[in-house]
Amino acid sequence: MEETKKKITNKEIDLSLVRRAKKGDYAAFDLLVLKYQSRIIATVFRYVKEKQLAEDISQEAFIKSFKSRDSFREESSFYTWVYRIAVNTAKNYLVSSKRKGEVLMGDMFQEETFYPEKLDVDSPQDLLNANELRDLIFETLSSLGEETRTALSLREFDGLSYEQIAEIVQCPVGTVRSRIFRGREMIEEIIGKHMDENLINKNTEIS
């Protein structure tokens, strides 16, 4: 009877490439860059909101990660490790260019996660209400503490697991879950209040 071959995980493949890169194999690291560059660029774009700038900062982050590849302890996945480097590089750019106030969420509203699916927009008034709700959600996200905002963004917009987020922000998984729950709770509260106010206004107009 033939033995069932053990499936090699994505993390193991990356680890093999990293180990080759540590020995000076540039081609191995290039494979890692090709594999993750689009995701890293998308992440950096949320900070700087300029495509070319996001590409430049991402390239800088990969260069930094290659130069410091020996410091990668192989405990976390390569992606979470280079993700931290990319985010820190983007933050450093914003601070140095005095643009720290820019919101990291970027084009988050293209996502459907926090946008109410059942909101009717058949009339100009409904469209106005929808835009008002969008603004309210944006303000709420912007007002969240950086730790809560980061955890929520990584979960909802990057689709990372709680474990991956914990590796990136370097805190226990339980803390990550708590931050995400708290952020979602605030967003849902804002949506609920807005929907209630619209319902009251409509009933007032009818009466």
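Keep in mind it's a predicted model, so treat the numbers as computed, not measured.

**Q** Pulling in residues and values, what's your account of the environment of Ala 21?
**A** Here Ala 21 is to be found in helix 1 (residues 10-22). Taking relative accessible area as the criterion, Ala 21 reaches 0% and is therefore assigned buried. Along the backbone, Ala 21 and Arg 69 are 48 residues apart, and their C-alpha atoms lie at a distance of 7.6 Å.

**Q** Let's hear about the packing of aromatic side chains: which residues, and what values?
**A** By the definition in use, this model includes 9 aromatic pairs. Here Tyr 36 and Tyr 79 contribute two aromatic rings whose centre-to-centre distance is 5.3 Å and whose plane-to-plane angle is 35°, an arrangement assigned as tilted. Of this pair, Tyr 36 sits in helix 2 (residues 26-48) while Tyr 79 sits in helix 4 (residues 78-96), and the two are 43 residues apart along the sequence. When its relative accessible area of 3% is taken as the criterion, Tyr 36 is described as buried. Residue classification places Tyr 79 among the buried positions, given a relative accessible area of 4%. An aromatic cluster of at least three residues, connected via ring pairs, comprises Tyr 26, Phe 29, Tyr 36, Phe 66, Phe 72, Phe 78, Tyr 79, Trp 81 and Tyr 83. The lysine or arginine in question, Arg 39, covers the ring of Tyr 79, its NZ or CZ lying 3.9 Å from the ring centre.

**Q** Give me the lowdown on the side chain of Asp 14, citing residues and values where you can.
**A** Counting through the fold element by element, Asp 14 comes out in helix 1. Ignoring sequence-local partners within four residues, the contact set of Asp 14 consists of Leu 32, Lys 35, Tyr 36 and Phe 78.

**Q** Give me the lowdown on the environment of Lys 91, citing residues and values where you can.
**A** One can find Lys 91 in helix 4. Classification of Lys 91 by relative accessible area gives partly exposed; the value is 29%. Considered as a pair, Lys 91 and Val 44 are 47 residues apart in the sequence and their alpha carbons are 9.1 Å apart. Beyond its immediate stretch of four places on either side in the chain, Lys 91 contacts Tyr 47 and Glu 146.

So, how was this worked out
Residues numbered from 1 in each chain as written. Predicted model: local features only at pLDDT ≥ 70, side-chain atom pairs only at ≥ 80, totals over all residues. Heavy atoms only, no water. Helix = DSSP H or I, 4+ residues; strand = E, 2+ residues; numbered from the N terminus. Buried < 20%, exposed > 50% of the residue type's maximum accessible area, 1.4 Å probe, protein only. Phe/Tyr/Trp six-rings, centres within 6.5 Å; stacked < 30°, edge-to-face > 60°. Lys NZ or Arg CZ within 6 Å of the ring centre and 35° of its normal. Contact = heavy atoms within 4.5 Å.

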